[in-house]
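Coordinate analysis (summary)
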Amino acid sequence: MKTLKLLSCVCFISLLGCAGSEPAAKRSVNADEIRANSSQAFNGLEAGQDQTVTNPGDAGVPQVQVVAESQASLSEMLQSHVCPSEDYLRGQGIANNTNLALTLAQKDISAKIQSVVVAKTEESRQSNVDATGNETIQSSFATNTQVITRLQNAQDAKPIVTLTQGGKFGVVACMLKSDAAKPFLNELAITQDSVALAIKIFEEQTHPVIRNNAFKAAQDMYARTLSIGMILDGLGVVYDNRVKASFESSQQKYKDFRSQYAFYYQMDESDASVLQQRRAVFERISAKYPVRAAVCSNGLLLKLDVSPEECSEGSLGVSCTTELNLSGSNCEGEPYFSVHARVKGSGRYDMNEARTRLYANILNGDWFNEWTVELDKWRLE
């Protein structure tokens, strides 16, 4: 009996000695042990264990670990908690409550994705240029990447630990890179479908404005697919750029289309009496638009009808008028639009003065402003 009591006392004293000596000795940090513990905790989360819940109304937030007085800051202590492997993105946040701290940890993960996008975009800007050194489809990257790098599935960023110190709470969250990639893969599929549809319209349409707008839409959406691809590259996720070949093919066709596109002016010299008026209208149009007096090959064919001038005398002198009718069609003659103008010139003394002023008004009159409203629609940007 005495021996048993003695052993009990020795054990009790040993326990007291161990408990009392732990705070005085600084424990060494074993990274492998920490990662193993984090992996175990994370697996427990995925298995649905309740050990990470502080109370039934706080599901999803890990159990708060009360931190004893320590010389290390809360941020430094959070740094010792790592994700199970390199397949995860890690984020941490510190706030006045656990929910806000978790939100900040999720935003930290989103910021890491954004930093990947910025680096990849700069890399692409230096390499993806055309033959003249101009960026080809990078113009819309800035706005696109700002939109698509939001953490759309924040619920997959799972907290693995919560620490508290001095009334502040710190959370470390981990998110599988494959989970982070899911919304981007979904958006990639949608944008690739949009690219394919826009290319189909460009290939099948003959209307120059529709063709131009279709390719511009394809170009913007393709830029979006590349920016999404940059995120996936940064996350180490393999994806299929299934519209690359068709876009590059249509891009070359678009360059050929734009190099040939112009306003073609069909000059009719059969009626010498209105030849001067025809040439005056041509000068007016060519001063503002790229007009070619040649056989139409690919663009907008303009035909001008000019009525013979009509002159009459009145109490204030002589007045001469002419009717101008301009039609626009494709090179095969399919009509697109028509515009009309009635131009007048007056002279106090004789008909020659009225005709001179009529010609001047064709060259400089305000009637042309209404025509530019229509013609501007056919200037491809």
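Details of the structure are given in the entry above.
Quick caveat: nothing in here was measured; it's all calculated off a predicted structure.

Analysis parameters
- Residues numbered from 1 in each chain as written.
- Predicted model: local features only at pLDDT ≥ 70, side-chain atom pairs only at ≥ 80, totals over all residues.
- Heavy atoms only, no water.
- Helix = DSSP H or I, 4+ residues; strand = E, 2+ residues; numbered from the N terminus.
- Buried < 20%, exposed > 50% of the residue type's maximum accessible area, 1.4 Å probe, protein only.
- Disulfide = S-S within 2.5 Å.
- Pairing = 2+ DSSP bridges.
- Axes fitted to C-alpha atoms, helices over the stretch in contact; angles between N-to-C directions.
- Parallel < 35°, antiparallel > 145°, perpendicular 65-115°, else oblique.
- Left-handed = near helix turned anticlockwise from the far one by under 90°.
- Contact = heavy atoms within 4.5 Å.
- Nonpolar A, V, L, I, M, F, W, Y, C, P; charged D, E, K, R; others polar.
- Patch = residues over 30% accessible without salt bridge, like charges linked within 9 Å, V, L, I, M, F, W, Y side chains within 5 Å.
- Areas by Shrake-Rupley, 256 points an atom, 1.4 Å probe, with all protein chains shown as cover.
- Salt bridge = Lys/Arg side-chain N within 4 Å of Asp/Glu carboxyl O.

**Observations regarding the environment of tryptophan 367**
- Within the fold, tryptophan 367 resides in the loop between helix 10 (351-364) and helix 11 (368-375).
- Given the relative accessible area of 12%, tryptophan 367 is considered buried.
- Expressed as a C-alpha distance, the spacing of tryptophan 367 and valine 343, which sit 24 residues apart in the sequence, is 7.4 Å.

**Looking at the state of the cysteines**
- Throughout the structure, instances matching the rule amount to 3 disulfides.
- Between the sulfur atoms of cysteine 311 and its disulfide partner cysteine 320 the distance amounts to 2.0 Å. Judged by the sign of its S-S torsion, about 110°, the cystine formed by cysteine 311 and cysteine 320 is right-handed.
- Relative accessible area serves as the criterion here: at 27%, cysteine 311 is assigned to the partly exposed category.
- Owing to a relative accessible area of 0%, cysteine 320 belongs among the buried residues under this scheme.
- Disulfide partners in the chain, listed by the sequence order of the bonded cysteines, are 1-2, 3-6, 4-5.

**Quick word on the pairing of strand 3 (residues 158-165)**
- Buried residues dominate strand 3, accounting for 6 of its 8 residues.
- Of the strand pairs in this sheet, strand 3 and strand 4 (residues 168-176) are connected by 7 bridges, and their pairing is antiparallel. Opposite proline 159, over in strand 4, you have alanine 173 as the bridge partner.
- Following strand 3, the chain reverses through 2 residues before pairing antiparallel with strand 4; glycine 166 in that reversal takes a positive phi of roughly 60°.

**What to know about the packing of helix 7 (residues 208-234) against helix 8 (residues 244-260)**
- Where helix 7 contacts helix 8, the axes come no closer than 11 Å and their chain directions differ by 140°. As summarised for this structure, helix 7 and helix 8 are arranged oblique, according to the angle between their axes. Between helix 7 and helix 8 lies a crossing whose hand is left-handed. Where helix 7 abuts helix 8, its residues Pro208, Arg211, Asn212, Phe215, Lys216, Ala218, Gln219 and Tyr222 lie against Lys244, Phe247, Ser250, Gln251, Tyr254, Phe257 and Arg258.
- Residue classes in the contact of helix 7 with helix 8 are distributed as 7 nonpolar, 4 polar and 4 charged.

**Some words on a nonpolar patch on the surface**
- Nonpolar side chains collect at one region of the surface, where Leu197, Ile201 and Ile210 lie side by side and expose about 250 Å² of accessible area between them.
- By relative accessible area, which is 36% here, isoleucine 201 ends up partly exposed.

**Thoughts on the pattern of salt bridges**
- One pass over the structure, following the stated rule, counts 12 salt bridges.
- Between glutamate 204 and lysine 200 there is a salt bridge, with the nearest N and O atoms lying 3.0 Å from each other. Of this pair, glutamate 204 and lysine 200 are both found in helix 6 (residues 177-204), 4 residues apart, which corresponds to roughly one turn of the helix.
- Its relative accessible area of 45% is what places lysine 200 among the partly exposed residues.
- Between glutamate 309 and arginine 355 there is a salt bridge, with its nearest N and O atoms 2.5 Å apart. Of this pair, glutamate 309 sits in the loop between strand 7 (300-306) and strand 8 (310-314) while arginine 355 is found in helix 10, placing the two residues 46 residues apart along the sequence.
- Assessed through its relative accessible area of 25%, glutamate 309 is described here as partly exposed.

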